[in-house]
Protein chains: 2
Amino acid sequence: MTETAVGSAGVESAAQSKSQQAYAAVKARIIEGTYTPGYRLVLAKIAEDLGFSVVPVREAIRRLEAEGLVKFERNVGATVSGIDPTEYLYTMQTLSIVEGAATALSAPLIDSVAIARARAVNAEMRECLEHFDPVRFTALNQDFHSVLFEHCPNPHILDLVHRGWNRLASLRSSTFRFVPGRAQESVREHEALLQLIENAADADTIEKAARQHRAATLDAYLSTTT
Amino acid sequence: MTETAVGSAGVESAAQSKSQQAYAAVKARIIEGTYTPGYRLVLAKIAEDLGFSVVPVREAIRRLEAEGLVKFERNVGATVSGIDPTEYLYTMQTLSIVEGAATALSAPLIDSVAIARARAVNAEMRECLEHFDPVRFTALNQDFHSVLFEHCPNPHILDLVHRGWNRLASLRSSTFRFVPGRAQESVREHEALLQLIENAADADTIEKAARQHRAATLDAYLSTTT
DNA sequence: AGGTACGAAATCGTATACGATAACTATGAC
DNA sequence: GTCATAGTTATCGTATACGATTTCGTACCT
């Protein structure tokens, strides 16, 4: 685990089309931060970089545009989506909703083994707080929720969660908006969430808790700016 | 109102790229049912139809794929997404969640004029029931909810709603899964929803009602098959 | 000096062309 | 009669090429 880019598209094994390769390559560069927000994505340049022609690269960029990672302007070009506070709010709010739903739907299918694994991840997160390692903290945070979502019965919703995560990653929000107090709270909320799941709390309670968990991070950010 | 294809992409006015034109054209054909589920989308053929080359058409198809309207298989081709009952369930469940959220977020911003317009639409829907006009009923149903979502503060969520609608339209679900009793119920639920909004019920109540409104249609379908 | 207009460079959008892959068909063996 | 196999056709995937549009720089005018 602890991968960076998440999503349903990186599953293929053997004969990947160049279009897919280009998609994966550019996406990875955005997620990992090689291409930072505002970065100008010149088709010909990327094509040369990868050794492809422009056509598959163009296709890849368009796909990234559909996911919101890239902005494309006619006859002008593509840029990595920027750090618009409004966009951040929209994304977090949407994530809050879809994560809440995904958690509630998954909860009845989470067994004690998975719970234990989630606890282990959460313990690692606690360690990260001591060593102050925000990057790893964020990765582990995704791992934590990924464990819960392992048997999510609705792949569409899971896909929406992944899109949100990728979007946040491209915004690099986790690193520069690392509100210290919030992280500790987050770890505590994880434990509380696990207990709700263990005790088979009703779906509504779990959904509210999961939703609030994300919403609280948004609130923490909003309180720093306003 | 009473348009067929909904979405954020049809806003451009003047110089549309051929890629966008192709996207709009194919999308419209899928929504209106010219291309039915399972229909084989041959790039060269569509390109000839529109008078374009294959490149922009290909791009358009890929975009439709990202929205779930089309399935694309490497070296095989594209087909209009089919009537998979599982997909239907996923889509309806997801819609239930995002519509619920969109309604709750929009509710405080809906004024009495909008309420009146929504009531008018709902009255038309009631008429449709007497004349048995399922196609128009579905269109009006979208209109009804569109009125409520007019000032939705989160465009991302609204976009998800539109994607769900388009997907359902491509499945032609409304026409052949028209459970008679359900439609009457739906109209009643609309009125109930309007009253909740008028009385400024709390967000949670409104969200649950809106969510249940969609979920009930899914349940009605499930009860007919199982 | 500042602004405007013209021209050059960069980049995008699309067409055409061709190699690669899969689907189809026909032929022959068992 | 059925199955396997080889050849053909259809279609996709990608490269290359060129026209269209924007952007940037420079020279000229006020």
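Residues numbered from 1 in each chain as written. Chains lettered and ligands numbered in written order. Predicted model: local features only at pLDDT ≥ 70, side-chain atom pairs only at ≥ 80, totals over all residues. Heavy atoms only, no water.

As recorded in an unreviewed UniProt entry, chain A goes by DNA-binding GntR family transcriptional regulator and comes from Paenarthrobacter histidinolovorans.

Draft legend 1. Highlighting the overall build of chain A. Check the secondary structure of chain A and you find 10 helices and three strands. Each helix and strand of chain A, placed in order from N terminus to C terminus, yields the pattern α-β-α-α-β-β-α-α-α-α-α-α-α. For chain A, the proportion of its 226 residues judged to be buried stands at 48%. Considering only intrachain contacts with a sequence separation of at least 6, the fraction spanning at least 24 residues in chain A is 75%. On chain A, roughly 10600 Å² of surface is accessible, and the fraction owed to carbon and sulfur atoms is 54%. (Helix = DSSP H or I, 4+ residues; strand = E, 2+ residues; numbered from the N terminus. Buried < 20%, exposed > 50% of the residue type's maximum accessible area, 1.4 Å probe, protein only. Contact = heavy atoms within 4.5 Å. Areas by Shrake-Rupley, 256 points an atom, 1.4 Å probe, with all protein chains shown as cover.)

Draft legend 2. View of the sheet that holds strand E3 (residues 77–80) of chain A. Residues and elements named next belong to chain A. Here we have three strands laid out as an open sheet, ordered E1-E3-E2, and antiparallel in their pairing. On the outer flanks of this sheet lie strand E1 (40–41) and strand E2 (70–73), each paired with one strand and no other. Taken together, the two bridges between E1 and E3 define a ladder with antiparallel strand orientation. Considered in E3, the bridge of leucine 41 is made with alanine 78. Packing against the sheet, helix H3 (residues 54–66) makes contact with E1, E2 and E3, and its axis sits at approximately 115° to E2. (Pairing = 2+ DSSP bridges. Axes fitted to C-alpha atoms, helices over the stretch in contact; angles between N-to-C directions.)

Draft legend 3. Examining helix H1 (residues 18–32) of chain A more closely. An ideal rise of 1.5 Å per residue puts 21 Å on 15 residues; H1 of chain A measures up with 21 Å between its terminal C-alpha atoms. Among all positions in H1 of chain A, only Ser19, Gln20, Ala22, Tyr23, Ala25, Val26, Lys27, Ile30 and Ile31 of chain A are buried. Residues of H1 of chain A that are buried make contact with helix H2 (43–50), H3, E2, E3 and helix H7 (155–171) of chain A together with helix H3 (54–66) of chain B. (Expected span 1.5 Å × (residues − 1).)

Draft legend 4. Local environment of the environment of glutamate 198 of chain A. Residue and element names in this part refer to chain A. With respect to the helices, strands and loops of the structure, glutamate 198 is situated in helix H9 (residues 180–198). Each C-alpha atom of the pair glutamate 198 and serine 112 lies 7.6 Å from the other, and the pair is 86 residues apart in sequence. Look past the residues within four positions of glutamate 198 in its chain and what remains in contact with it is Ile115 and Arg119.

Draft legend 5. Broad picture of the sheet that holds strand E2 (residues 70–73) of chain B. Across the sheet, which stays open at both edges, the three strands sit in the order E1-E3-E2 (chain B) with antiparallel pairing between neighbours. Both outer strands of the open sheet, strand E1 (40–41) and E2 of chain B, are each paired with one neighbouring strand and no more.

Draft legend 6. Seen up close, the protein's contact with DNA strand D. The environment of DNA strand D is made up of 18 residues, and the closest members are Lys18, Ser53 and Asn75 of chain A together with Leu43 and Arg58 of chain B. When atoms of DNA strand D within 4 Å of the protein are sorted by moiety, sugar and phosphate together comprise 86%. Lysine 18 of chain A is positioned with one of its backbone polar atoms (N or O) 2.5 Å from a phosphate oxygen of DNA strand D. Between leucine 43 of chain B and DNA strand D, the recorded distance is 3.3 Å, taken from a backbone N or O atom to a phosphate oxygen. When residues of the surface near DNA strand D are traced back to their parent elements, those giving at least two are H1 and H3 of chain A. When grouped by side-chain class, the residues that make up the surface near DNA strand D number nine nonpolar, six polar and three charged. (Near = heavy atom within 4 Å. Polar contact = N/O pair within 3.5 Å; in protein donor to acceptor, adjacent residues only side chain to side chain. Nonpolar A, V, L, I, M, F, W, Y, C, P; charged D, E, K, R; others polar.)

Draft legend 7. Seen up close, the relation of the copies chain A and chain B. For the match of chain A to chain B, the screw axis carries a shift of 0.0 Å, the RMSD comes to 0.1 Å, and the turn is 180°. Each copy turns onto its partner about a two-fold axis. Here 100% of the contact residues of chain A are again contact residues in chain B; the copies associate through an equivalent surface. (Least-squares fit on C-alpha atoms with pLDDT ≥ 70 in both.)

Draft legend 8. Quick look at the protein's contact with DNA strand C. Near DNA strand C lie 18 residues; those nearest to it are Arg58 and Asn75 of chain A together with Lys18, Ser53 and Asn75 of chain B. Residue asparagine 75 of chain A places a main-chain N or O atom 3.3 Å away from a phosphate oxygen belonging to DNA strand C. For DNA strand C, a sugar or linking oxygen lies 3.3 Å from a polar atom in the side chain of asparagine 75 of chain B. Listed by contribution, the elements that provide at least two residues to the surface near DNA strand C are helix H1 (18–32) and H3 of chain B. Each residue belonging to the surface near DNA strand C can be placed in one class, and the counts come to nine nonpolar, six polar and three charged.

Draft legend 9. Structural view of the interface of chain A and chain B. Taken residue by residue, the interface counts 29 residues in chain A and 29 residues in chain B. Between chain A and chain B, roughly 2500 Å² of surface is buried when both sides are summed, and carbon and sulfur atoms account for 53% of that area. The tally of links from chain A across to chain B stands at eight salt bridges. On the surface where chain A and chain B come into contact, there are 16 residue pairs in polar contact (both at pLDDT 80 or more). Mapped by element, the contributors of at least two residues to the side of chain A that touches chain B are H3, helix H4 (85–106), H7 and helix H10 (203–225) of chain A. Per element, the largest residue contribution to the side of chain A that touches chain B is eight residues, and it comes from H4 of chain A. Of the residues contributing to the side of chain A that touches chain B, the split by class is 10 nonpolar, eight polar and 11 charged. (Buried area = accessible area lost by both parts, 1.4 Å probe. Salt bridge = Lys/Arg side-chain N within 4 Å of Asp/Glu carboxyl O.)

Draft legend 10. Layout of the nonpolar core. Among the nonpolar cores identified, the biggest contains 78 residues, and Leu148, Phe149 and Ile197 of chain A together with Leu148, Phe149 and Ile197 of chain B are the most heavily contacted of them. Beyond its immediate chain neighbours, meaning those up to four positions away, leucine 148 of chain A contacts Ser106, Ile110, Ala118, Leu193, Leu194 and Ile197 of chain A. Core analysis: the second largest hydrophobic core is formed by 19 residues, Tyr35, Leu41, Leu43 and Ile61 of chain A among them. (Core = buried A, V, L, I, M, F, W, Y, C linked by side-chain atoms within 4.5 Å.)

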